[in-house]
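# Report on the structure
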Amino acid sequence: MIKLIVFDLDNVIIDGEAIDEIGKLNDVEDKISEITENAMQGKIDFETSIKDRVKLLEGVSVEDVKKIAEDLPLMEGAEETIKTLKDDGYEVAIISGSFDIIADQIKDKLGVDYVFTNSLTEEDGKLTGEVTGPLVSGHKVDVLKSLIEDKDISLNEVIAVGDGANDISMIEVAKCGIAFNAKPSLKEIADVIVEDKDLTKVLEVIEENKSSDDSEEQTTESAEEEVVEEVEEPPVEKAIKNLENEDSESPEKQAAETAEVEEKIENEATTEEKTEEETTNSEDEKPSKDNKKSKKDDLPVPDFDLADTMEGVKDQKNEREALISEIADEREEFNKIAKEQRKIRDELNDSLKEKLNKAIEYRNERNEINKEVEAAKKLRNDVNNKLKNLEWSSGKRDKIKIENEIKKIDKIIETRVLDIKKENQLVKNANDLRKQLMDIHEDETVKEEAQDLKTASEEHHAKVVELSERAQEAHENMLVYFKQTDEIRTAADDAHKQFIDARKNASAKHEDFKKVLGEIHVINKKLGSQKPRRRKSDKQSGSNGSKNREEKERAEAIFDKFKNGKKLSTDELLLLQKYNIG
């Protein structure tokens, strides 16, 4: 069931590219649009494109950017779409390479639950031309995976909507990826393509997906009611397998069942003084122990015709003894494969849990370091604000203003042809300003305090850089381990599938085995007093009678240990059950 809808911002939630609009403030919108188009087409990587575009914004007023954010037009149907999704119980997130100064206003306006974007750095109310954030060098899929881990949901519960090449990573992994008015590179991998620039069209896709989920759920419920024997494969993501039902057709149970039936058949065939009728009557008169049905009663009813002659019956028996030996070997081989694959699967699941725990450790470490980064940034910014206020209050504002006026006059004198009277006046004005400049004296105490603040700012900034590098290292380590868990999960899924297939094949062979055994049972009755040869596979040796005696002695020894408190294995319990000990 879908729980989270993720949108890109530019050209999806808002009708346009925010960075293009900001670029108009510096008259660089054409250059930015060209870089943007190349990035969306996948011709250059996103990190290069975002850094190159933001560099063109150096010097733009932050206040002007905020005004642009207020005036950016929403995509047609955006408000209706987000409101409907929220009313229907979905959570909504924006994951965008755009900027928080834009996205935060959209979040408040539309009531979006989560926003993940980059940040434009600023100084003295101006953009510096630099950008930071998780989506400068990272990918949207990394942010999405981190979000669903925090929400404890899976990618199968996510729908993602985007329009460009930088959306590919999250469109690929979501259960349903929607290309909205998108570039060709994204359309190639999307599950659904919406060409209209109307976001309500996305609602239709989500509604169809919801209907499909409900239909699948109903079909699954119906199948479970009709076919109760079908066992659903437990999900590997849980990393803990519920294997309580594995012994239902285990090799140990198969062997115990086979031994009991064979022993019963042999006992029937070794009664030398009885005819077939007497044997049958004797069995009818003598109830089995504890009034329980013997294992031979569980054998399927044979559907074959006995030969007309005793010689023919013996040939039928020889054929079936050879066949049952072959079936037993095949069943043993399938059980061996099942055991091997179960061991491989369990080892992989143990490794999966270790890798997953390691990834979570690095994620927690990264998050803690990022908190320290924010604290260090705040300290640095507070110091910078104090420094700015101190410098302006100390007369520096007037000094800078006068110096700029002098530079302007000097440039006019140097570059223009002036009449002597006008030139003399400009020289006089410059000299007067220089006299004013000489009369301005900065307070020495203020200068010392300003220097201390500069030093403190540099120290805080160095701390920000150091912590950011550590956070990035932890983030990269987290991604490495998450990637390893994906690889291990795939291998564990494959091993579990092979285990299930081998178990099914072994069970099928066991049913074949019981069918042939039932036929041998009928043949032995026909042969009457003729003692049959016990079946031996190529892998068996020694006398069965001797083997039974040895097993019974071992069972008695096991029971003595059990009475003294020893914990028994499944094999030992089956052995006690076979000889009815305890």
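Residues numbered from 1 in each chain as written. Predicted model: local features only at pLDDT ≥ 70, side-chain atom pairs only at ≥ 80, totals over all residues. Heavy atoms only, no water.

## Some details on unusual backbone geometry
Note: most residues except glycine have negative phi, and most peptide bonds are trans. With a phi angle near 65°, N11 is a residue other than glycine that sits in the positive phi range. Tracing the sequence through the fold places N11 in the loop between β1 (4-7) and α1 (18-23). Judged by relative accessible area, which is 18%, N11 ranks as buried. With phi around 45°, N181 is a residue other than glycine that occupies positive phi space. Mapped onto the elements of the fold, N181 is located in the loop between β6 (176-180) and α9 (184-187). On the accessibility criterion, N181 (29% relative accessible area) is partly exposed. (Helix = DSSP H or I, 4+ residues; strand = E, 2+ residues; numbered from the N terminus. Buried < 20%, exposed > 50% of the residue type's maximum accessible area, 1.4 Å probe, protein only.)

## Regarding the packing of aromatic side chains
Applying the stated criterion across every chain yields a total of one aromatic pair. Ring centres of Y362 and Y481 lie 5.8 Å apart, and the angle between their planes is 20°; this geometry places the pair in the stacked category. Taken together, the positions of Y362 in helix α13 (residues 310-415) and Y481 in helix α15 (residues 444-527) put the pair 119 residues apart, joining distant regions of the chain. A cation sits over an aromatic face here: R331 above F513, 4.6 Å from the ring centre. (Phe/Tyr/Trp six-rings, centres within 6.5 Å; stacked < 30°, edge-to-face > 60°. Lys NZ or Arg CZ within 6 Å of the ring centre and 35° of its normal.)

## Notes on helix α6 (residues 100-110)
Taken together, the buried positions of α6 are I101, I102, A103, I106 and L110. G111 sits one or two positions beyond α6 and adopts a positive phi of about 80°.

## Here's the deal with the pairing of β1
What you see with β1 is no split at all: L4 and V6 on one side and I5 and F7 on the other are buried throughout. Two strands pair when backbone bridges link them, and β1 and strand β2 (residues 91-99) are joined in this way by four bridges, in the parallel orientation. Paired with F7 across the two strands is I94, which belongs to β2. Sheet analysis places β1 next to strand β5 (residues 158-162), joined by four bridges and oriented parallel. Paired with F7 across the two strands is V161, which belongs to β5. (Pairing = 2+ DSSP bridges.)

## Considerations on the pattern of salt bridges
Within this structure, the stated rule accounts for 30 salt bridges. Taking the shortest distance from any N to any O, the salt bridge between K187 and E195 comes out at 2.9 Å. Classification of E195 by relative accessible area gives partly exposed; the value is 45%. The closest approach of N and O atoms between E368 and K371, which form a salt bridge, is 3.5 Å. Separated by three residues within a single helix, E368 and K371 lie in helix α13, roughly one turn from each other. For E368, a relative accessible area of 44% translates into the label partly exposed. Taking relative accessible area as the criterion, K371 reaches 55% and is therefore assigned exposed. Shared partners join several salt bridges into a network, and the residues in it are D8, K140 and D167. (Salt bridge = Lys/Arg side-chain N within 4 Å of Asp/Glu carboxyl O.)

## Some points on the environment of R342
Residue placement: R342 occurs in helix α13. Residue classification places R342 among the partly exposed positions, given a relative accessible area of 28%. Linking R342 and Q498, residues 156 residues apart in sequence, is a C-alpha distance of 8.7 Å.

## Quick word on the sheet that holds β6
One open sheet accounts for seven strands, arranged β4-β3-β2-β1-β5-β6-β7; its pairing is mixed. Whereas interior strands pair on both sides, the edge strands pair on one side only; in this sheet they are β4 (126-132) and β7 (192-194). Taken pair by pair, the neighbouring strands of this sheet meet at an average axis angle of 25°, ignoring direction. The pairing of β6 with β7 spans three bridges and is classified as parallel. Counterpart to F180 in the pairing with β7 is V194. Here helix α3 (residues 46-55) sits on the sheet and contacts β2, β3 (114-123) and β4; the angle it forms with β4, its principal contact strand, is near 175°. (Axes fitted to C-alpha atoms, helices over the stretch in contact; angles between N-to-C directions. Contact = heavy atoms within 4.5 Å.)

## Things to note about the pairing of β6
Counting buried positions over the five residues of β6 gives five, a clear majority of the element. The side-chain alternation of β6 yields two buried faces, one formed by C176, I178 and F180 and the other by G177 and A179. Of the strand pairs in this sheet, β5 and β6 are connected by four bridges, and their pairing is parallel. Pairing of V161 across the sheet is with I178, part of β6. The parallel pair β5 and β6 is bridged by helix α8 (residues 168-173), and the resulting crossover is right-handed. (Right-handed = clockwise from strand over helix to strand, strands pointing away.)

## Some thoughts on the environment of V60
Relative to the assigned elements, V60 resides in the loop between α3 and α4 (62-71). V60 gets classed as buried once you look at its relative accessible area, which sits at 2%. Counting along the chain gives 38 residues from V60 to I22, while the straight-line C-alpha distance between them is 8.1 Å. When sequence neighbours within four positions are dropped, the list of residues in contact with V60 reads I22, L25, N26, V65, G125, K126 and L127.

## Here we look at the nonpolar core
In terms of nonpolar packing, the biggest core is built from 52 residues, with F7, I13, F99 and L199 touching the most fellow members. For this core, the element with the highest residue contribution is α6, accounting for five residues. In this view, L199 contacts F7, V12, I13, M75, E76, G77, A78, T81 and F180; residues no more than four positions away in its chain are not counted. Judged by nonpolar contacts, the second largest core, of 19 residues, contains I95, L135, A179 and A182. (Core = buried A, V, L, I, M, F, W, Y, C linked by side-chain atoms within 4.5 Å.)

## Thoughts on the confidence of the model for the protein
Mean pLDDT over the protein works out to 79, with 77% of the residues at or above the 70 mark. At the level of individual helices and strands, the protein shows its lowest average pLDDT in helix α12 (residues 276-285), which scores 38, and its highest in β1, which scores 96. For residues 219-249, every residue scores under 50 in pLDDT, and the model assigns this stretch 37 contacts once sequence neighbours within four places are set aside. (pLDDT = per-residue confidence, 0-100.)

## Section: the packing of α4 against α6
Running from N to C, α4 and α6 point in directions that differ by 35°, and their axes come no closer than 9 Å. Both α4 and α6 take part in a crossing whose hand is right-handed. From α4, V62, V65, K66, A69 and E70 reach across to α6, where they touch I101, I102, Q105 and K109. Partitioning the contact of α4 with α6 into residue classes produces five nonpolar, one polar and three charged. (Left-handed = near helix turned anticlockwise from the far one by under 90°. Nonpolar A, V, L, I, M, F, W, Y, C, P; charged D, E, K, R; others polar.)

## Some details on α4
The set of residues buried in α4 consists of V62, V65, I68 and A69. Down the axis of α4, the buried side of the element spans an arc of 110°, and every buried residue falls inside it. Exposed and facing more than 90 degrees away from the buried side of α4 are K67, E70 and D71. In the core, the buried residues of α4 are packed alongside α1, α6, β3 and β4. (Arc of directions from axis to C-beta.)

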